[in-house]
Amino acid sequence: MRGHRLVGFVAVLGITSIAGFGCENKHLARQNQSTGVLGASASIADLMKARNLTEADVEAALKTYVPTGKKDEYYIFASGGQSGNVNVMGVPSMRMLKVIAVFTPESWQGWGYGNESEKILEQGNQGNRKIRWADVHHPNLSETKGDYDGEFLFVNDKANARVAVVDLEDFMTKQIVPNPLAASDHGGAFVTPNTEYVIETSQYPAPLGREYAPLSQYKEKYRGVAVFWKFDRAKGRIDVEKSWAMELPPYTQDLADAGKLDSDGWAFINSFNTEMAIGGTMEGKPPVESGASQNDMDYLHVINWKKAEELVNAGKSTTIAGMRVLPIDVTAAEGVLTLVGEPKSPHGCDVTPDGKAVVVGGKLDTHATIYDIAKMKALIEAKKFEGKDDFGIPIMAFKDAIQGQVEVGLGPLHTVFDDKGNAYTSVFIESVVAKWSWKNFQQPVEKLSVHYNIGHILSAEGDTVSPDGKYLVAMNKMSMDRFLPVGPLFPQNFQLVDLTGEKMRLLIDMPIPNAEPHYSQMIKADKLKVLTAYKMGTNPISGEIDPHSAAGGKEGIKRDGNKVSVYMTAIRSHFKPDQIEVEEGDEVTIHLTSLETADDQTHGFTIDMYNVNVSLEPGKHENISFIADTPGTFPMYCTEFCSALHLEMMGYFLVKPKAK
């Protein structure tokens with residue numbers, strides 16, 4: 001009976017739409033005809049029957065379907081895990097929109113193949129190591145007054161301790177900053193409420209500066225670190241010279257979050273392994289896994305970063321590997337770094353929208369614990385502690401620092417928020433989303449089963465001062481039973497959940513096929529001001545008109561000794577010049593400008609066998625440098641299907657052999 005009512009509703013909606021707009025919008029009618037729009041009729045019931053769809057299936061489809069020509073309401077920026085990149089999706093359709101190339105070469109965008117993007121990748125090298133992969137964990141959007149502003153995205157590389165800056169005008173990576181102190185990070189890249197700093201915390205302890213020290217000296221020589229990267233918004237770059245760090249004890253620091261509103265100026269970092277276990281399975285010692293799970297409590301690090309900034313400016317820091325570092329004895333004595341117990345093996349560390357509390361989930365616990373930031377500030381001010389750890393850092397009493405605990409289930413991880421005072425915690429072992437009130441600590445009002453082993457979780461602007469509360473995404477580590485088999489390496493699964501009703505409602509699954517994603521954020525689409533074409537001759541790395549941009553009619557080839565400069569333009573459907581002849585061993589630089597101005601008229605440029613490949617969006621300028629070290633005849637062509645004469649958009653690169 002309810003199914004008939006739904007079909008009837010759809011029919012009435014469709015007929016009304018046709019009556020209202022059919023005669024007035026002939027273009028839309030023709031479009032509908034050409035795209036095969038379903039009529040509002042009983043055929044919908046037939047289609048449901050033929051595809052074995054329930055009323056709930058159809059309702060979910062209606063909530064997520066975005067018709068051709070219409071756009072999504074939100075962006076998701078999701079870590080690309082081991083791909084080293086960032087995935088961009090639309091909500092509610094969950095359509096994949098783009099992969100932002102960050103730490104690894106990416107062919108379609110020509111990222112890292114002969115042009116200046118290679119220099120960005122080179123920025124990320126660590127010492128003499130040429131790093132070309134990454135384990136991206138935590139994309140974080142820039143904020144103004146604790147709210148997303150849609151200008152920049154920051155991401156960290158857990159495996160190689162680096163942070164990157166992505167400009168959301170053109171979705172391009174503009175800077176990679178290697179951490180000179182740590183060999184791995186996890187708590188990054190979290191921002192302060194006005195993006196004054198991008199916070200990056202180490203994960204696995206090691207001697208700062210990555211020096212050698214035997215594991216027998218773990219307690220004496222090994223340390224954690226929190227780096228506060230100073231962000232220059234006007235330049236859109238991290239200012240390394242104005243950045244600084246804090247030495248942390250050799251516990252394993254994990255996730256971080258910055259205070260907001262009342263708690264602006266404070267930062268919070270989880271840790272585990274207060275046992276300082278180091279393994280040694282071949283010697284009969286317990287692995288880190290069990291060695292790090294002996295104590296009932298680990299330590300939440302409570303940091304007054306504004307006071308730390310004052311200490312750095314007052315010269316209280318020491319310099320390690322070229323970076324100013326506040327030592328533990330200074331931060332502990334000055335009330336900058338304080339500890340408080342947290343349930344065993346904590347993971348999530350999330351400040352509530354009002355900035356008054358921090359929610360922590362312990363992986364081997366069943367509770368979400370709510371810490372009261374005002375209470376902790378008062379304890380620190382009054383120097384009311386229950387003791388110190390082995391490194392002299394004051395410890396607050398757990399019972400004095402919390403508001404309360406909510407039993408959410410076994411394996412709580414991360415918590416996000418909506419606009420109605422609800423919190424949503426991912427519960428890994430139970431594979432559920434637990435909904436509970438963070439204002440009155442009620443037990444979960446609802447649990448929603450997800451597939452399987454949910455890790456991170458996100459909600460619409462759910463970690464800002466003003467969550468939207470419309471959608472939630474469960475980011476699941478496993479997807480058996482969900483999709484067509486693709487071999488033993490299964491895709492992971494994002495599941496979109498509707499939060500608008502009284503009950504949570506699962507809407508759609510989205511397989512993630514390119515790596516293991518971690519953290520994600522969802523932002524209103526209208527907050528972004530995205531370029532569709534560059535101002536003619538713009539160098540996307542500098543953001544300015546390139547001094548070597550090649551104007552139409554001024555193309556040419558210049559030789560200065562063994563240096564050859566080619567000033568080239570691209571426009572449908574030819575390159576000018578389209579014949580380049582050099583000598584073997586010449587140093588060649590191609591200054592290539594797209595003269596296109598229309599949206600989406602992109603060209604590509606490659607020289608066969610020379611590992612040269614760039615993408616030329618409208619107005620974009622690229623500088624491509626290489627040594628012509630292989631004599632021969634090499635076609636060069638446009639790699640984007642740009643027009644009917646795309647295949648004719650080509651030329652020859654000729655390298656004349658040296659005389660013998």
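Residues numbered from 1 in each chain as written. Predicted model: local features only at pLDDT ≥ 70, side-chain atom pairs only at ≥ 80, totals over all residues. Heavy atoms only, no water.

Draft legend 1. Looking closely at the pattern of salt bridges. In total, this model carries 30 salt bridges according to the counting rule given. With a closest N to O distance of 2.6 Å, R559 and D586 form a salt bridge. Within this pair, whereas R559 is found in strand β35 (residues 556-560), its partner D586 is found in the loop between β38 (579-583) and β39 (587-594), the two being separated by 27 residues in sequence. Judged by relative accessible area, which is 46%, R559 ranks as partly exposed. (Salt bridge = Lys/Arg side-chain N within 4 Å of Asp/Glu carboxyl O. Helix = DSSP H or I, 4+ residues; strand = E, 2+ residues; numbered from the N terminus. Buried < 20%, exposed > 50% of the residue type's maximum accessible area, 1.4 Å probe, protein only.)

Draft legend 2. Quick look at the pairing of strand β16 (residues 323-326). For strand β11 (residues 237-248) and β16, the ladder comprises three bridges, and the chain directions are parallel. Paired with A245 across the two strands is V325, which belongs to β16. The pairing of strand β15 (residues 318-320) with β16 spans three bridges and is classified as antiparallel. Counterpart to T319 in the pairing with β16 is R324. (Pairing = 2+ DSSP bridges.)

Draft legend 3. Quick look at the environment of E220. With respect to the secondary-structure elements, E220 resides in helix α6 (residues 218-221). In the structure, E220 is positioned 174 residues away from P394 in sequence and 19 Å away in space, judged by C-alpha atoms.

Draft legend 4. Region of interest: the nonpolar core. In terms of nonpolar packing, the biggest core is built from 35 residues, with F228, W244, M246, I303, L326 and I393 touching the most fellow members. Tallying contributions element by element places helix α8 (residues 305-313) first for this core, with four residues. The residues contacting I393, other than those within four sequence positions of it, are P249, I328, A332, L337, T338, L339, G387 and K388. The next biggest cluster of nonpolar side chains, apart from the first, holds 27 residues, and it includes Y75, V86, I100 and L168. (Core = buried A, V, L, I, M, F, W, Y, C linked by side-chain atoms within 4.5 Å. Contact = heavy atoms within 4.5 Å.)

Draft legend 5. Broad picture of the packing of aromatic side chains. Throughout the structure, instances matching the rule amount to 21 aromatic pairs. On the basis of an interplanar angle of 10° and a centroid distance of 4.5 Å, the ring pair of F228 and W244 is categorised as stacked. Here F228, found in strand β10 (residues 224-232), pairs with W244, found in strand β11; they are 16 residues apart in sequence, far enough to count as distant. Seen from their ring centres, Y251 and Y299 are 5.6 Å apart, and the 50° between their planes marks the pair as tilted. Linking Y251 in the loop between β11 and β12 (252-258) with Y299 in strand β14 (residues 297-304), this pair joins segments that are 48 residues apart in sequence. A single burial state applies to Y251 and to Y299, both of which are buried. Clustering of aromatic rings is evident, with ring pairs tying together Y197, F228, W244 and W305. In this structure, K230 is placed above the aromatic ring of Y197, and the distance from its NZ or CZ to the ring centre is 4.8 Å. Taking the ring centre of F272 as reference, the NZ or CZ of K363 above it sits at 5.2 Å. (Phe/Tyr/Trp six-rings, centres within 6.5 Å; stacked < 30°, edge-to-face > 60°. Lys NZ or Arg CZ within 6 Å of the ring centre and 35° of its normal.)

Draft legend 6. Structural view of helix α4 (residues 55-64). Restricting attention to buried positions, one finds in α4 the residues V58, A60 and T64. Projected down its long axis, α4 shows its buried positions confined to an angular sector of 160°, all on one face. (Arc of directions from axis to C-beta.)

Draft legend 7. Quick look at the sheet that holds strand β4 (residues 140-144). In space, the four strands of this open sheet follow the order β4-β5-β6-β7, with antiparallel pairing throughout. Strands at the two margins of the open sheet, each flanked by one partner only, are β4 and β7 (172-178). Recorded for the sheet is a direction-independent mean angle of 30° between the axes of neighbouring strands. Bridge count for β4 against strand β5 (residues 147-157) is four bridges, and the pairing is antiparallel. Note that in β5 the partner of T144 across the bridge is D147. (Axes fitted to C-alpha atoms, helices over the stretch in contact; angles between N-to-C directions.)

Draft legend 8. Just the confidence of the model for the protein, in detail. Averaged over the protein, the pLDDT score is 92; the fraction of residues at 70 or greater is 94%. Contacts for the low-pLDDT stretch residues 1-25, under 50 throughout, to residues beyond four places or in other chains number 14 contacts. (pLDDT = per-residue confidence, 0-100.)

Draft legend 9. Structural context of the sheet that holds strand β19 (residues 357-362). An order of β18-β19-β20-β23 is seen for the four strands of this open sheet, with the pairing classed as antiparallel. Either end of the sheet is taken by a strand with one partner, and the two such strands are β18 (346-351) and β23 (402-407). Pairwise comparison of adjacent strand axes, ignoring direction, gives a mean angle of 20° for this sheet. In this sheet, β23 lies alongside strand β20 (residues 367-372) in antiparallel orientation, the contact comprising five bridges. The residue bridging Y371 from the neighbouring strand is I402, located in β23. Running at roughly 50° to β20, helix α10 (residues 373-382) makes contact with β18, β19, β20 and β23 of the sheet.

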